[in-house]
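Results of the structural survey
Chain residues, written in single-letter form:
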Amino acid sequence: MPSGNVEVAVIGGGAAGIGAARRLREAGLKALILEARGRLGGRAWTIQAGGFPIDLGCGWLHSAKRNPWTKIAEAQGRTIDRTPPPWARATSQPGLTAAESAEMRAALWALHDRADALPDEEPDRSLADLLEPGGRWNALIDAISGYYSGAELARISARDLGRYADDGVNWRVVEGYGEAIAEHGAGLDVAFDSAVTRIDHGGRRIRIETARGMVEADAAIVTLPSALIAADETLFAPALPDKTRAAAGLPLGHDDKLFLSLSGAEAFEPEARAFGDPRRVATASYQLRPFGRPMIECYFGGALAAELERGSEGAFFDFARSELVGLYGGDFARRVAPLALHGWSGDPFARGAYSYALPGHADDRATLAAPVDGRVFFAGEACSREDFSTAHGAYLTGIAAAEQAIEALRR
Ligand SMILES: Cc1cc2nc3c(=O)[nH]c(=O)nc-3n(C[C@H](O)[C@H](O)[C@H](O)COP(=O)(O)OP(=O)(O)OC[C@H]3O[C@@H](n4cnc5c(N)ncnc54)[C@H](O)[C@@H]3O)c2cc1C
């Protein structure tokens, strides 16, 4: 433990915690990140596999032109790939004509437009309520909700999704988004392997119990994933039932990536994308040759991802291989082999991928983000009104919480 006595304890060293701790240090405050894992980045995580850096968590710089990580990664000397993402281009889908693919995309955007247009004075609805009844593409749109939000449409607040701000520009960091985020934390004071079990804010100083001992602080910034806050009513002493309830309204969806090596990759167009079965909800999305590399990024969302995580060790690979054989023929089975996979829902320090709001719970984001007694502050992607579920949203909430802490400690 670098020091058991600090001005601000930052609980969690993901995008939000790193952003907060850097801002606090710039302001001359003594901040310590308490991180459960042995690395920084949290749900931002680049590993090396098949000779390439791959992102098991965030990969896309969403809203890339205004995304602060774009500038940070560039300042680190990294390469920004500006190839438009597969979902923003017309890509060929086996089994569908170009006209059918265009019709599906139009139905998807129409659903998002209906969510954007939901009047403030009307009660919230689920996105499923806004589907065109009996619509031809409803199953696939539900599958896409699994990739986008981590859950099926019936679980998603239309108001919350309508608030999401997207500038429509999506870029990538060639060396890895997770790598850029973790490097931004280099040189900060961090206590690794220090899972926080209790935040006692009843006394004059805040006392934080960790797996490696007690830390005392004047203020704390809590950046834990909402699923973890919701799951532990005893995390705060005295208890903060408003926070537990708000976090429960913002569950983390299920999303996992499996990377496969692909032999004879040149036969495929780089950055192509195919759905395993465009007529099913329980189907994965396959990005062939990301960055032109000889691999496939398989994306699993919603109930399918949750079910596969509960299955046997090879469940994701077996599922992907059988869908790919269905798309590209029997000999495809011999062309792919597993490279890397991470099950985020089973990860004890995440318990899911990214937050969505249950119908009626869009305002829980503001409740979760609100400071307590001017010294316990909250950040993390689930606290963002408009950039939730993203690494830049997490970062911006971290900066905002740090500003609140700086102001409170200077008073
Ligand atoms: C598969 C997948 C794909 C994604 N794709 C994208 C994408 O393309 N673009 C995008 O912008 N975002 C994407 N995201 C979401 C993005 O990764 C997250 O929104 C963002 O990284 C969250 O940052 P955070 O700081 O809020 O939370 P986290 O990164 O989860 O940080 C919280 C930290 O708290 C730590 N912690 C947990 N429990 C404790 C404890 N008890 N004590 C101390 N520390 C603890 C964790 O280890 C973690 O480091 C994706 C996520 C996943 C899983």
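Residues numbered from 1 in each chain as written. Predicted model: local features only at pLDDT ≥ 70, side-chain atom pairs only at ≥ 80, totals over all residues. Heavy atoms only, no water.

Attention now goes to helix H2 (residues 68–75). A turn of α-helix holds 3.6 residues, and therefore any two residues three or four places apart point the same way. Residues Pro68, Trp69, Thr70, Ile72 and Ala73 constitute the buried set of H2. Those residues of H2 that are buried are in contact with helix H1 (15–26), strand E5 (60–61), strand E6 (80–81), strand E7 (171–173), helix H6 (177–184) and helix H12 (391–410). Between the side-chain oxygen of the N-cap and the backbone nitrogen of tryptophan 69 there are 2.8 Å, and the N-cap of H2 in question is asparagine 67. With its phi angle positive at about 85°, glycine 77 sits one or two positions after the end of H2. (Buried < 20%, exposed > 50% of the residue type's maximum accessible area, 1.4 Å probe, protein only. Helix = DSSP H or I, 4+ residues; strand = E, 2+ residues; numbered from the N terminus. Contact = heavy atoms within 4.5 Å. Polar contact = N/O pair within 3.5 Å; in protein donor to acceptor, adjacent residues only side chain to side chain.)

Let's shift gears to the site of the ligand. What surrounds the ligand is a group of 39 residues, the closest being Glu35, Arg37, Arg43, Trp60 and Val196. Taking glutamate 35, its side chain carries an N or O atom lying 2.6 Å from an oxygen atom of the ligand. Backbone polar atom of serine 389 to an oxygen atom of the ligand: 3.3 Å apart, as the coordinates give it. Taking 1,000 Å² as the accessible area of the ligand by itself, protein coverage stands at 97%. Of all the secondary structure elements, the ones that give two or more residues to the shell around the ligand are H1, strand E13 (255–262) and H12. Of the residues in the shell around the ligand, the class split is 20 nonpolar, 13 polar and six charged. (Near = heavy atom within 4 Å. Areas by Shrake-Rupley, 256 points an atom, 1.4 Å probe, with all protein chains shown as cover. Nonpolar A, V, L, I, M, F, W, Y, C, P; charged D, E, K, R; others polar.)

What follows covers the packing of aromatic side chains. Tallied over the entire structure, the rule returns 13 aromatic pairs. Taking the centre distance of 6.4 Å and the plane angle of 75° together, the rings of tyrosine 148 and tyrosine 164 count as edge-to-face. Of this pair, tyrosine 148 sits in helix H4 (residues 138–148) while tyrosine 164 is found in the loop between helix H5 (158–163) and E7, placing the two residues 16 residues apart along the sequence. Overall, the relative accessible area of 34% leaves tyrosine 148 in the partly exposed class. Residues phenylalanine 300 and phenylalanine 316 carry aromatic rings whose centres are separated by 4.9 Å and whose planes lie at 80° to one another, so their mutual orientation is edge-to-face. Of this pair, phenylalanine 300 sits in strand E16 (residues 295–301) while phenylalanine 316 sits in helix H10 (residues 315–328), and the two are 16 residues apart along the sequence. Given the relative accessible area of 0%, phenylalanine 300 is considered buried. Site record: aromatic cluster; members linked through ring pairs are Tyr147, Phe275 and Tyr299. Arginine 82 extends its terminal NZ or CZ atom over the ring of tryptophan 171, reaching a point 4.2 Å from the ring centre. (Phe/Tyr/Trp six-rings, centres within 6.5 Å; stacked < 30°, edge-to-face > 60°. Lys NZ or Arg CZ within 6 Å of the ring centre and 35° of its normal.)

Looking now at the pattern of salt bridges. Summed over the entire model, instances satisfying the criterion amount to 19 salt bridges. In this structure, the salt-bridge partner of glutamate 403 is arginine 23, at a minimum N-O distance of 2.6 Å. On the criterion of sequence distance, the pair formed by glutamate 403 in helix H12 and arginine 23 in helix H1 is long-range, its members being 380 residues apart. A salt bridge links aspartate 81 to arginine 172, with the shortest nitrogen-to-oxygen separation between them at 3.3 Å. Remark: arginine 172 occurs in strand E7 and aspartate 81 occurs in strand E6; sequence separation between them is 91 residues. Residue class for arginine 172 comes out buried when judged on its relative accessible area of 4%. (Salt bridge = Lys/Arg side-chain N within 4 Å of Asp/Glu carboxyl O.)

Attention shifts here to the nonpolar core. With 42 residues, the main nonpolar core has Val8, Leu24, Leu61, Trp69, Tyr177, Ile181 and Ile221 as its most contacted residues. Of all elements in the fold, only strand E1 (5–11), H1, strand E2 (31–34), H2, E7, H6, strand E11 (213–222) and H12 reach the threshold of two or more residues within this core. Of the residues forming this core, the biggest block, nine residues, is contributed by H12. (Core = buried A, V, L, I, M, F, W, Y, C linked by side-chain atoms within 4.5 Å.)

As a packed pair, helix H3 (residues 98–116) and H4 sit with axes 10 Å apart at the nearest point and diverge in direction by 60°. At the point where H3 passes H4, the crossing takes the right-handed sense. Contacts between H3 and H4 involve Met104, Ala107, Leu108, Leu111 and His112 from the first element and Leu140, Ile141, Ile144 and Tyr148 from the second. When the residues that make up the contact of H3 with H4 are grouped by side-chain class, the tally is eight nonpolar, one polar and no charged. (Axes fitted to C-alpha atoms, helices over the stretch in contact; angles between N-to-C directions. Left-handed = near helix turned anticlockwise from the far one by under 90°.)

What follows concerns the side chain of threonine 223. Tracing the sequence through the fold places threonine 223 in the loop between E11 and helix H7 (226–231). Judged by its relative accessible area of 9%, threonine 223 is buried. Here the side chain of threonine 223 touches isoleucine 11 through a polar contact of 2.7 Å, landing on its backbone oxygen. At 3.2 Å, the side chain of threonine 223 and the backbone oxygen of glycine 12 are in polar contact. Apart from residues lying up to four places away in sequence, threonine 223 is in contact with Val10, Ile11, Gly12, Ala16, Gly17 and Ala379.

To continue, consider the pairing of strand E15 (residues 285–288). The alternating pattern of E15 places Ser285 and Gln287 and Tyr286 and Leu288 on opposite faces, both of which are buried. Sheet topology note: the strand E14 (residues 272–275)/E15 ladder contains four bridges and is antiparallel. Note on E15: the bridge partner recorded for alanine 272 is leucine 288. Pairing of E15 with E16 involves four bridges; the strand directions are antiparallel. Residue serine 285 lies in a different strand from E16, and its bridge partner there is tyrosine 299. (Pairing = 2+ DSSP bridges.)

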